[in-house]
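Letter by letter, the chains look like this.
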Amino acid sequence: MRTLDWVIFAATIGFIVLYGLWKSRKTATVQGYLLADRSLPWYTVALSIMATQASAVTFISTTGQAYADGMRFIQFYFGLPIAMILVSAYFAPKFRGAGVYTAYEYLEKRFDAKTRALVSLIFLIQRGLAVGMILYAPAVVLTVILGWDDRLTTLLMGLVVIGYTVMGGIRAVAWTDFQQMLIMLIGLGAALVVAIVKLPAGIGFGDSLLLAASAGKLNAVTTNFDWNDRYNLLSGLVGGTFLALAYFGCDQSQVQRYLTGKDLQQSRVSLLFNAIAKIPMQFFILLTGAMVFSFYVFTAPPLTFHSGKVGALAGTAIEARHRQAVAAREAAARELLERRDAAHQAKFLAAHQAFDAVHKEATKAANDTNYVFMTFVTQHLPAGFVGLVIAVIFGAAMSASSGEINSLATVTMVDMYQRFIRPGAADAHYLWFSRLATVFWGLYAVASAQLARGLGSLVEAVNMLGSLFYGGLLGVFLLAFFFPRVNGTAAFVGVLAGEAAIFYTHSTGQVGFLWYNVIGCGVVVLTGCLLSIAGRSASNSRQP
Amino acid sequence: MTPQQEPPPFLGTWARVYWGVVLYLAAVIGVLMLFTASFRL
């Protein structure tokens, strides 16, 4: 990085953190620390929801995924608008009406303490595992691309996040999220513009789109259905709805966001904003990846984007074949743009497939998807923009992990400490414990970040991890909201049965992970209902 | 009026919001399919 990049990077991160701390300077109560006194405007809540979900993984991995696999990942988000409407109509008013701090607190009001404790524990395990991954995602990439030490990077990011989250609580988290989301959009826009502007003379945006489409990179909708296919129209609409419903309706990191709204309508507007804005935003991110693909048709891409592995391949036969494949693909691309017919489109696709075969041989099928975007940024963006994009990556990692750390601390304090360990203490004591829990989860995130090593596409890893647990969480909340005759024990056993069903399905390896949410949720609801009916029958038969 | 019965912030009734999201999704999927198909020579 050049001096200008360092200045822009430091100024951007410094401004975001200081602004968040300034906005949260009056936080002095538990309600202020955990729920921002339920005072935030809808636009802050809306962008905070978006930023918490859009981690660094989103920018690094999603763009790389479009480069390698095309835009079909967008189908993952097709269920999100449906889920947001349902959360807005049913979940948000239930949580706000009950006056709770956490979603799991509601479960005790509806069922019993053991169901609340079980679901809180599932959340702590699941989010506890994911938070390290979220923090590690940018570190591993910056290590390979810029040679930064990954432990130092995660430690630096972790300490900054712990600092502002401990001091300002959710108000600092939400206001830093707001700024980070704006910076993210600017950084991505810059990357997209550069990918188009740096194309050779005479080749424009339309040409770039044609090349990406000819190589199958703009295949946004897949109507063919396969249970094991992760992204198709049906799995996106059904599996995606269940996953988004579980994430936005039952995950404390999101529930806590919309509980901070000034009133129910402000919370609802923030959710409905995300319902409309999320798909276009993901389209924009994936399109950036597809345009990076077209850019590398004319600018020779490295043999592998994992720069640490390039040295070992230098001067080998495969490097020579790679050069030939790159040249052949570029020639086919120029012919296609000149002739614009189906025959040349097929010829370009064949040339691309030949290139891809050499690339896969060179990488030994190891996934270098996560390094594509940052390689492009550091090697081709002008001075200043590199610093901005690195700040975007840091900002995204910080906004997502601060949200997770804050919600983990909230559940630890409200659902564990205050409920089971030390009920009835003073507000100041709980505020102190909330800060302590935040420090603990922050340090835990930094330490567990190292476990994320060796994973393939990080965005898929995060979503798959969520899908192992979300079906169970969603099922118990559906029982709570829509099945008034189901009791606590039935719900408790239902959650255990749902989780068992998900882990069994996962072990078979036959079903795409988006379906885990549907299966888990279905088993919880069915088990809960059947046990309640059986319980009532037994009770009736005992009556004289 | 309980919170659950409150009207949505847009479009007046929840039925209209549900139809709105169905139309929005249909439009998004349709546009994306057209977008992909428009580059098939």
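Conventions we followed
- Residues numbered from 1 in each chain as written.
- Chains lettered and ligands numbered in written order.
- Predicted model: local features only at pLDDT ≥ 70, side-chain atom pairs only at ≥ 80, totals over all residues.
- Heavy atoms only, no water.
- Axes fitted to C-alpha atoms, helices over the stretch in contact; angles between N-to-C directions.
- Helix = DSSP H or I, 4+ residues; strand = E, 2+ residues; numbered from the N terminus.
- Parallel < 35°, antiparallel > 145°, perpendicular 65-115°, else oblique.
- Left-handed = near helix turned anticlockwise from the far one by under 90°.
- Contact = heavy atoms within 4.5 Å.
- Nonpolar A, V, L, I, M, F, W, Y, C, P; charged D, E, K, R; others polar.
- Buried area = accessible area lost by both parts, 1.4 Å probe.
- Salt bridge = Lys/Arg side-chain N within 4 Å of Asp/Glu carboxyl O.
- Polar contact = N/O pair within 3.5 Å; in protein donor to acceptor, adjacent residues only side chain to side chain.
- Core = buried A, V, L, I, M, F, W, Y, C linked by side-chain atoms within 4.5 Å.
- Buried < 20%, exposed > 50% of the residue type's maximum accessible area, 1.4 Å probe, protein only.
- Domains from an automatic or database assignment.

Draft legend 1. Representation of the packing of helix α3 (residues 42–53) of chain A against helix α12 (residues 264–298) of chain A within the structure. All names here are of chain A. Here α3 crosses α12 at 45 degrees, and the two axes come no closer than 8 Å. On the basis of their axis angle, the class for α3 and α12 is oblique. Judged by the twist between their axes, the crossing of α3 over α12 is right-handed. Residues Trp42, Val45, Ala46, Leu47, Ile49, Met50 and Gln53 of α3 pack against Gln266, Val269, Ser270, Leu271, Phe273, Asn274, Ala277, Lys278 and Met281 of α12. Classifying every residue of the contact of α3 with α12 by side-chain character gives 11 nonpolar, four polar and one charged.

Draft legend 2. Just the interface of chain B and chain A, in detail. The interface is formed by 22 residues belonging to chain B together with 39 residues belonging to chain A. Across the chain B to chain A interface the summed buried area is about 2500 Å²; carbon plus sulfur atoms make up 79%. Sorting the residues of chain B by area buried against chain A places Tyr24, Phe39 and Leu41 of chain B first, and these three jointly supply 25% of that buried surface. Put simply, chain B and chain A have zero salt bridges between them. Our count for the chain B to chain A interface comes out at four residue pairs in polar contact (both at pLDDT 80 or more). Looking at the side of chain B that touches chain A residue by residue, the class counts come to 18 nonpolar, two polar and two charged.

Draft legend 3. Here's a closer look at the nonpolar core. In this structure, Phe91, Phe95, Leu218, Tyr258 and Phe477 of chain A are the most contacted members of the largest nonpolar core, which totals 182 residues. Of the residues forming this core, the biggest block, 19 residues, is contributed by helix α17 (residues 385–421) of chain A. Not counting chain neighbours up to four residues away, the residues in contact with Leu218 of chain A comprise Met71, Leu209, Ala212, Ala213, Leu287 and Ala290 of chain A together with Phe35, Thr36 and Phe39 of chain B. With seven residues, the next largest nonpolar core counts Leu303, Ile318, Val326 and Val358 of chain A among its residues.

Draft legend 4. Layout of the domain arrangement of chain A. All names here are of chain A. The assigned domain composition of chain A is domain 1 (3–297 + 374–542) and domain 2 (307–365). Here domain 1 and domain 2 have C-alpha centroids that lie 36 Å from each other. At the interface, 13 residues of domain 1 touch 13 residues of domain 2. Note on domain 1 versus domain 2: buried area summed over both sides is about 1200 Å², and carbon and sulfur give 61% of it. Run the count over domain 1 and domain 2 and you get one salt bridge. A salt bridge links Asp207 to Arg340, with the nearest nitrogen and oxygen atoms 2.2 Å apart. Where domain 1 packs against domain 2, one counts three residue pairs in polar contact (both at pLDDT 80 or more). Mapped by element, the contributors of at least two residues to the side of domain 1 that touches domain 2 are α7 (113–146), α9 (205–214) and α12. With four residues, α9 is the largest single contributor of residues to the side of domain 1 that touches domain 2. Class assignment for the residues of the side of domain 1 that touches domain 2 results in 10 nonpolar, one polar and two charged.

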